[in-house]
Amino acid sequence: MSLVKLNIKGISYSQTQNGAYALILNEVDGDRKLPIVIGAFEAQSIAIALEKEISPPRPLTHDLFKNFADRFDIVVKQVIIHKLVDGVFYSSLICERDKIEEIIDARTSDAIALALRFHAPIFTYKNILDKAGIYLKVNPEKEDTNKEEDILLDALVAEELETASPSETFASKTIEELNRLLEEAVANEDYEKAAHIRDEISKRK
């Protein structure tokens with residue numbers, strides 16, 4: 001079976017399912033998206049790895065795993081989403097130490113959180129993408145096709161996970177207030193809030 005390389009499109013939050021998020025993976029050499037439901041902790045860990053500007057004061061579990069692996073010269077070479085059963089994705093970590101390769105079973109959300117920290121590629125098998133992958137039809141004649149794609153993606157995810165805006169708005173805050181709130185959120189390990197604040201700051205630059 002041939003492998004298909006994936007990258008991370010984004011994460012959508014669900015207000016209808018408590019603590020549920022949808023991780024959207026994108027086919028690198030194609031147009032299909034692969035939505036995967038993950039938990040809040042894993043979503044937070046993935047978001048932290050994606051947001052380079054946010055540095056937690058203490059290591060998260062996946063950071064601890066990375067530090068442990070580095071200390072003992074263990075490298076995660078790649079992640080493979082190898083099975084889909086009843087809507088649940090199963091993944092493997094392909095690890096290497098002293099030129100000896102080992103395959104370790106892992107939840108897909110954990111595997112992707114670690115892949116980001118090891119800068120390891122993410123793959124799935126073609127038959128899994130054929131079964132669970134979704135095409136988003138956008139109009140190539142429109143100038144802002146990325147925006148149109150995002151709208152369609154949000155509508156798609158909303159069928160299972162209704163995407164919601166954060167309850168707290170930061171539009172009325174000054175940059176100084178936002179920077180202070182960002183520091184407080186990171187200190188309190190509220191990384192979801194920190195990500196929203198950082199997004200508001202980025203919009204004003």
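These lines cover the structure that appears in this document, whether it is placed above or below. (Residues numbered from 1 in each chain as written. Predicted model: local features only at pLDDT ≥ 70, side-chain atom pairs only at ≥ 80, totals over all residues. Heavy atoms only, no water.)

1. Quick word on the packing of helix 2 (residues 61-71) against helix 3 (residues 108-118)
Where helix 2 meets helix 3, the closest approach of the two axes is 10 Å, and the angle between their N-to-C directions is 55°. As judged from the angle between their axes, helix 2 and helix 3 are oblique. Handedness of the crossing formed by helix 2 with helix 3: right-handed. Counting all contacts with helix 2, which are made through H62, D63, F65, K66, A69 and D70, the residues of helix 3 involved are D110, A113, L114, R117 and F118. (Axes fitted to C-alpha atoms, helices over the stretch in contact; angles between N-to-C directions. Helix = DSSP H or I, 4+ residues; strand = E, 2+ residues; numbered from the N terminus. Parallel < 35°, antiparallel > 145°, perpendicular 65-115°, else oblique. Left-handed = near helix turned anticlockwise from the far one by under 90°. Contact = heavy atoms within 4.5 Å.)

2. Some thoughts on a nonpolar patch on the surface
Side chains of V85, V88 and Y90 sit close together on the surface and give an oily, nonpolar patch of about 220 Å² of accessible area. Relative to the helices and strands, V85 is located in strand 4 (residues 75-85). (Patch = residues over 30% accessible without salt bridge, like charges linked within 9 Å, V, L, I, M, F, W, Y side chains within 5 Å. Areas by Shrake-Rupley, 256 points an atom, 1.4 Å probe, with all protein chains shown as cover. Salt bridge = Lys/Arg side-chain N within 4 Å of Asp/Glu carboxyl O.)

3. A word on the nonpolar core
Grouped together as the largest cluster of nonpolar side chains are 32 residues, with contacts concentrated most on L25, L34, F89 and L93. Looking at this core, the element that brings in the most residues is helix 3, giving seven residues. In terms of nonpolar packing, the next biggest core, distinct from the first, is built from 14 residues, L60, F170, L181 and I197 among them. (Core = buried A, V, L, I, M, F, W, Y, C linked by side-chain atoms within 4.5 Å. Buried < 20%, exposed > 50% of the residue type's maximum accessible area, 1.4 Å probe, protein only.)

4. Some points on the packing of aromatic side chains
Scanning the entire structure with this criterion turns up two aromatic pairs. Seen from their ring centres, F65 and F118 are 6.5 Å apart, and the 75° between their planes marks the pair as edge-to-face. Linking F65 in helix 2 with F118 in helix 3, this pair joins segments that are 53 residues apart in sequence. The ring centre of F118 lies 5.1 Å from the NZ or CZ of K66, which sits over that ring. The ring of Y90 carries K83 above its face, with NZ or CZ at 4.6 Å from the centroid. (Phe/Tyr/Trp six-rings, centres within 6.5 Å; stacked < 30°, edge-to-face > 60°. Lys NZ or Arg CZ within 6 Å of the ring centre and 35° of its normal.)

5. Here's the deal with the sheet that holds strand 5 (residues 88-97)
Strand pairing in a sheet relies on backbone hydrogen bonds, with the paired strands running either antiparallel or parallel. On the basis of which strands lie adjacent, the open sheet formed by eight strands has the order 6-5-4-7-1-2-3-8 and mixed pairing. The sheet is open, and its two edges are formed by strand 6 (100-107) and strand 8 (134-135), each paired on a single side. Across the sheet, helix 1 (residues 40-50) is in contact with strand 1 (3-13), strand 2 (20-27), strand 3 (32-39) and strand 6; its angle to strand 3 comes to roughly 120°. (Pairing = 2+ DSSP bridges.)

6. A short note on the environment of I11
Within the secondary structure, I11 is located in strand 1. Given the relative accessible area of 30%, I11 is considered partly exposed. Along the primary structure I11 and L25 are separated by 14 residues, whereas in three dimensions their C-alpha atoms are 9.1 Å apart. Those residues in contact with I11 that sit more than four places away from it in its chain are Y21, A22, L23, A43, I46 and A47.

7. Some thoughts on the pairing of strand 7 (residues 122-125)
The alternating pattern of strand 7 places I122 and T124 and F123 and Y125 on opposite faces, both of which are buried. As paired elements, strand 1 and strand 7 share four bridges and run antiparallel to each other. Note that in strand 7 the partner of L6 across the bridge is I122. Examined bridge by bridge, strand 4 and strand 7 share three bridges and lie parallel to one another. In the strand pairing of strand 7, V79 is matched with I122.

8. So, the pairing of strand 6
Moving residue by residue along a regular strand, the side chains alternate between the two faces of the sheet. Pairing of strand 5 with strand 6 involves eight bridges; the strand directions are antiparallel. Following the sheet pairing, L93 is matched in strand 6 by I104. Between strand 5 and strand 6, which follow one another and run antiparallel, lie two residues, and D98 among them has a positive phi close to 55°.

9. Focus on unusual backbone geometry
Its identity as a non-glycine residue notwithstanding, D86 has a phi of 55°, on the positive side. Using a relative accessible area of 78% as the deciding quantity, one classes D86 as exposed.

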